[in-house]
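Spelled out from the first residue to the last, the chains are:
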Amino acid sequence: MTELRYLPDADDVTTFTATVTEASRDSVFLDGTYFYPEGGGQPSDRGVLEWDGGVADVVDVEKDHGDVRHDIELRSGEPPTEGTTVEGRIDEERRRRLSRMHTAQHVVSRVVLDEFGASTAGNQVYPDRSRIDFEPASFDEDDLALIERRSNEAIERDLPVVKENRPRPAVEEEVDDGRALLDMIPDSVDPLRVVEIEDFDMCPCGGTHASSLGELGGITITDTTSKGADVERLEFELSDG
């Protein structure tokens, strides 16, 4: 299995070395990686792998039966062979934008749960925008203004974001109802990696995140759409942090 080296709290690392365990002209598997594989509503990282005699762009990263597959497009040379040492370089600006967006999603989800009792039914973050589906929910203009204001008030406090592994029973006891889909995480996953915004929110999450809310800049809600009975989709963007 590929070691996910960015967990639990090394998601600020964007350069690393690793050993190839399997490779073809289209993909590379490593013994460990800091590239984030697509999942949890967050797209994968992109970047570059380089080795003696070759360079490849990493265009997608996905989990593959316990391993992580780095999909590549060769720039030069031949694919690396098993045992080759490679240098990985993650697109740092893309990682930063996705991490900020994912933390912002946690902030908005917390605010909506506290103010309206609505749970996060789904989410998708992108480098330049994000969306969250809430249930049960139906927001008017005053509601959206309140969500935006409460979210930005939290950001202005510049609360620290802690990322760490914790025993599953403790997480199950401490996490608020409506704030995590624990039944979708296999019972065998223990400990759980959690993301905690100090004195504000705690949620199991395997994504990459900012280190403090001050990095987010500010949240602007850009749209809201009904997605069916009692489901409301909220979209937002971030100003530069």
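What counts, and at which threshold
- Residues numbered from 1 in each chain as written.
- Predicted model: local features only at pLDDT ≥ 70, side-chain atom pairs only at ≥ 80, totals over all residues.
- Heavy atoms only, no water.
- Helix = DSSP H or I, 4+ residues; strand = E, 2+ residues; numbered from the N terminus.
- Rg over C-alpha atoms; globule rule 2.2 N^0.38 Å.
- Buried < 20%, exposed > 50% of the residue type's maximum accessible area, 1.4 Å probe, protein only.
- Contact = heavy atoms within 4.5 Å.
- Areas by Shrake-Rupley, 256 points an atom, 1.4 Å probe, with all protein chains shown as cover.
- Lys, Arg positive; Asp, Glu negative; His and termini not counted.
- Charge placed at Lys NZ, Arg CZ, Asp CG, Glu CD.
- Core = buried A, V, L, I, M, F, W, Y, C linked by side-chain atoms within 4.5 Å.
- Salt bridge = Lys/Arg side-chain N within 4 Å of Asp/Glu carboxyl O.

Caption draft 1: Structural view of the overall build of the chain. Helix and strand content of the chain: three helices and 15 strands. Relative to the globule expectation of 18 Å for 241 residues, the C-alpha radius of gyration of the chain, 19 Å, shows essentially globular dimensions. Expressed along its principal axes, the backbone C-alpha trace of the chain runs to roughly 60 × 35 × 35 Å. When each of the 241 residues of the chain is scored for burial, the buried share is 48%. Considering only intrachain contacts with a sequence separation of at least 6, the fraction spanning at least 24 residues in the chain is 66%. Surface accessibility of the chain: about 11,500 Å² in total, with carbon and sulfur atoms responsible for 42%. Averaging the coordinates of the 25 positive side-chain charges in the chain and doing the same for the 57 negative ones gives two points 3 Å apart.

Caption draft 2: Up close: the nonpolar core. In terms of nonpolar packing, the biggest core is built from 31 residues, with V108, F134, F139, I147, L213, L234 and F236 touching the most fellow members. The biggest single contributor to this core is helix α1 (residues 92-116), with seven residues. With residues near it in sequence (within four places) discarded, I147 still touches V108, V111, V112, F116, F139, I221 and L234. Counting 19 residues, the second-largest nonpolar core is a separate cluster that includes V20, F35, V58 and V68.

Caption draft 3: Highlighting the pattern of salt bridges. Tallied over the entire structure, the rule returns 26 salt bridges. The shortest N-O distance in the salt bridge between E3 and R5 comes to 3.2 Å. The partly exposed category is assigned to E3, whose relative accessible area is 45%. Between R129 and D128 there is a salt bridge, with its nearest N and O atoms 3.0 Å apart.

Caption draft 4: Local environment of unusual backbone geometry. Following L7, the chain continues to P8 via a peptide bond in cis, the omega torsion being 0°. By the element assignment, P8 lies in the loop between β1 (3-4) and β2 (15-23). One non-glycine residue with positive phi stands out, namely H65, at about 55°. The exposure class of H65 is exposed, given its relative accessible area of 83%. Phi at D199 is positive, roughly 60°, even though this residue is not glycine. With respect to the helices and strands, D199 occurs in the loop between β12 (192-197) and β13 (201-204).

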